[in-house]
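Chain and residue survey
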Amino acid sequence: MSTRGAPPPNLPAKVAAIPPNQTLYVTNLPSAKIQKEDLRTALYMLFSTYGSVLDVVALKTMKMRGQAHIVYKDIQTATMAMRALDGFEFLGRPMKISYAKGKSHIIAKLDGTFKPPTAAKEVEVTDLQHSIFNAPVPGQPGSVTAPAKSSSLPPKPPGGGDQPMPDVGATETRGVKRPREEELEEESDQDVAMEEESDED
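Residues numbered from 1 in each chain as written. Predicted model: local features only at pLDDT ≥ 70, side-chain atom pairs only at ≥ 80, totals over all residues. Heavy atoms only, no water.

In the annotation of an unreviewed UniProt entry, the chain is listed under the name U2 small nuclear ribonucleoprotein B'-like protein and assigned to Chaetomium thermophilum.

Laid out in structure tokens, this is it:
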């Protein structure tokens, strides 16, 4: 009598069996022919005939197109649906169904084992970054200001605000419409005679 144990260690990772799970991983789905919401609805209608479906995750990103995850309430109904629908032609393509590698978030929340994703590790800050981002604000008390450098720029005018342009009062150049080039050509008396082509050669 042989007992079933772990797969032999010399098998590649893709061939090693994935333990039964409430979440099914469905591939080879049509991605261009159908909208995401319509795909989710059609998958829900098909898979709910085998048991209570908690969630259908079907994304249209480049990484996840043509794939979906179907989450059942228990492993027995997930197994029954996988056996019945593996190879089933769905919208013109045969589906490939297997157990998902990990537990779905919705199942983990029901079990009470859900852990929200952790933030990234704290990044090491260099001295340069520290000096740039933690520099004191200029003009604040306690901040050290650099000595003024001599500049070739002219000094700021007194008053410091906007000043009117010097030609504001001149009305003779303002608001005069320039004539178009066509109008200029019509007004000129120089007509250029067209050259006649002669057929005499």
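**Describing the overall build of the chain**
Along the backbone of the chain there are five helices and six strands. For the chain, the α and β elements follow one another from N to C terminus as β-α-β-β-α-β-β-β-α-α-α. Split into buried and exposed, the 201 residues of the chain put 20% on the buried side. Summarising the internal contacts of the chain: among those between residues at least 6 apart in sequence, 63% fall at separations of at least 24. In the structure as shown, the chain presents an accessible area of about 17,600 Å², 55% of it carried by carbon and sulfur atoms. (Helix = DSSP H or I, 4+ residues; strand = E, 2+ residues; numbered from the N terminus. Buried < 20%, exposed > 50% of the residue type's maximum accessible area, 1.4 Å probe, protein only. Contact = heavy atoms within 4.5 Å. Areas by Shrake-Rupley, 256 points an atom, 1.4 Å probe, with all protein chains shown as cover.)

**What to know about the pattern of salt bridges**
A complete count under the given rule lists two salt bridges for this structure. Through salt bridges with shared partners, a single network forms among Glu37, Arg40 and Asp55. (Salt bridge = Lys/Arg side-chain N within 4 Å of Asp/Glu carboxyl O.)

**Structural notes on the nonpolar core**
In terms of nonpolar packing, the biggest core is built from 22 residues, with Leu24, Leu43, Phe47, Ile70, Tyr72, Met95 and Ile97 touching the most fellow members. Counting residues per element, the ones that place at least two in this core are strand 1 (23-27), helix 1 (36-47), strand 2 (53-57), strand 3 (68-72), helix 2 (75-85) and strand 6 (96-99). (Core = buried A, V, L, I, M, F, W, Y, C linked by side-chain atoms within 4.5 Å.)

**With respect to the environment of Ser31**
The residue Ser31 is located in the loop between strand 1 and helix 1 in this model. Separated by 31 residues in sequence, Ser31 and Met62 have C-alpha atoms that sit 9.9 Å apart. Every residue in contact with Ser31, bar those within four places of it in the chain, is listed here: Lys60, Arg65 and Gly66.

**Some details on the side chain of Thr23**
Counting through the fold element by element, Thr23 comes out in strand 1. Assessed through its relative accessible area of 2%, Thr23 is described here as buried. Excluding anything up to four places from it in sequence, Thr23 contacts His69, Ile70, Val71, Ser98, Tyr99, Ala100, Gly102 and Ser104.

**Regarding unusual backbone geometry**
Most peptide bonds take the trans configuration, and most residues that are not glycine carry a negative phi. Look at Asn28: it is not a glycine, yet its phi comes out positive at around 65°. Secondary-structure assignment places Asn28 in the loop between strand 1 and helix 1. Relative accessible area serves as the criterion here: at 23%, Asn28 is assigned to the partly exposed category. At Leu91, a position not held by glycine, the phi torsion is positive, near 55°. With respect to the helices, strands and loops of the structure, Leu91 is situated in the loop between strand 4 (89-90) and strand 5 (93-94).

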